[in-house]
Amino acid sequence: MKNNKKFKHYKKLSSTKVGLWCFLLFGIGSLLLGILVNSQINFKSYENYEVSGIVENFNKGEKILKIYLKDDKKTYYINNIVYDVFDENVYSVLSENTQIRMCIAYIDEYERYNISELEINGKIYLNKSASENAEYSNYRSGLIGSYVFIGIGTVLEVFAVIYFIKIKKIKNEII
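Because the structure is predicted, anything quoted here is derived from the model rather than measured.

K.L.:
Looking at this structure, how should I read the pattern of salt bridges?
P.N.:
Opposite charge on two side chains permits them to pair, given that their charged atoms come into close proximity. Following the criterion strictly, the structure yields 6 salt bridges and no others. Across the salt bridge formed by Arg101 and Glu50, the nearest N and O atoms sit 3.4 Å from each other. With Arg101 in strand 4 (residues 99–107) and Glu50 in strand 1 (residues 49–61), the pair connects residues that are 51 residues apart, well separated along the chain. Lys123 is the partner of Asp87 in a salt bridge, and the nearest nitrogen-oxygen pair spans 3.8 Å. With Asp87 in the loop between helix 2 (80–83) and strand 4 and Lys123 in strand 6 (residues 123–126), this pair connects stretches of sequence that are 36 residues apart.

Next comes the structure, spelled out in structure tokens:
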């Protein structure tokens with residue numbers, strides 16, 4: 001059976017069709033993922049306006065910090081991106097009734113006031129230029145990643161077109 005011409009022709013056609021579908025579907029998926037990521041990422045410009053107050057409460061999570069001030073209903077937030085450049089020694093001095101000075105970068109879609117600079121007792125635990133650089137680096141990485149997915153998807157679609165042409169040629173071959 002392995003030496004039969006019809007079997008070889010059928011096997012070649014069958015494997016080429018599988019290749020076509022793989023390239024086509026993975027290419028479309030990669031293109032869609034790249035377009036989705038590209039449309040969702042944005043870089044918010046930093047406002048860096050100053051807020052001072054007394055800490056009422058704070059919540060430390062995994063790579064996040066939420067701070068609540070007395071007589072203030074806002075949630076001040078250090079996100080996971082900025083947390084990487086944040087000095088965690090702050091927890092030795094941060095407690096309720098601590099006087100704190102912060103710079104607010106921007107307000108996100110969840111109404112959290114993202115902190116770009118944090119100062120307690122004259123010591124800066126989060127620097128606004130370092131936090132802005134961290135956020136911009138994250139934005140740039142997301143943008144590059146989306147373009148990589150779009151590029152991979154485009155290459156896979158080109159392979160799908162090549163395999164489609166190959167299928168047409170195989171079908172036209174005389175057995």
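K.L.:
Would you take a moment to explain a nonpolar patch on the surface for this structure?
P.N.:
Taken together, Val155, Val158, Phe159 and Ile162 make up a surface patch of nonpolar side chains, about 330 Å² in accessible area. The topology assignment puts Val155 in helix 3 (residues 128–172).

K.L.:
Help me out: how do you make sense of the nonpolar core in this one?
P.N.:
In globular proteins that are soluble, nonpolar side chains generally tend to be buried together. Core analysis: the largest hydrophobic core is formed by 24 residues, its most contacted members being Ile67, Met102 and Leu118. If you list the elements that add at least two residues to this core, you get strand 1, strand 2 (64–69), strand 3 (75–78), helix 2, strand 4, strand 5 (112–120) and strand 6. Among the elements that line this core, the one with the most residues is strand 4, at 5 residues. Beyond its immediate sequence surroundings of up to four residues, Met102 is in contact with Tyr49, Glu50, Val51, Ile67, Leu69, Tyr76, Ile115, Glu117 and Leu118. If you look at the next biggest cluster of nonpolar residues, it comprises 5 residues, including Leu13, Leu20, Ala160 and Ile167.

Here is what the cut-offs are and how they apply
Residues numbered from 1 in each chain as written. Predicted model: local features only at pLDDT ≥ 70, side-chain atom pairs only at ≥ 80, totals over all residues. Heavy atoms only, no water. Salt bridge = Lys/Arg side-chain N within 4 Å of Asp/Glu carboxyl O. Helix = DSSP H or I, 4+ residues; strand = E, 2+ residues; numbered from the N terminus. Patch = residues over 30% accessible without salt bridge, like charges linked within 9 Å, V, L, I, M, F, W, Y side chains within 5 Å. Areas by Shrake-Rupley, 256 points an atom, 1.4 Å probe, with all protein chains shown as cover. Core = buried A, V, L, I, M, F, W, Y, C linked by side-chain atoms within 4.5 Å. Buried < 20%, exposed > 50% of the residue type's maximum accessible area, 1.4 Å probe, protein only. Contact = heavy atoms within 4.5 Å.

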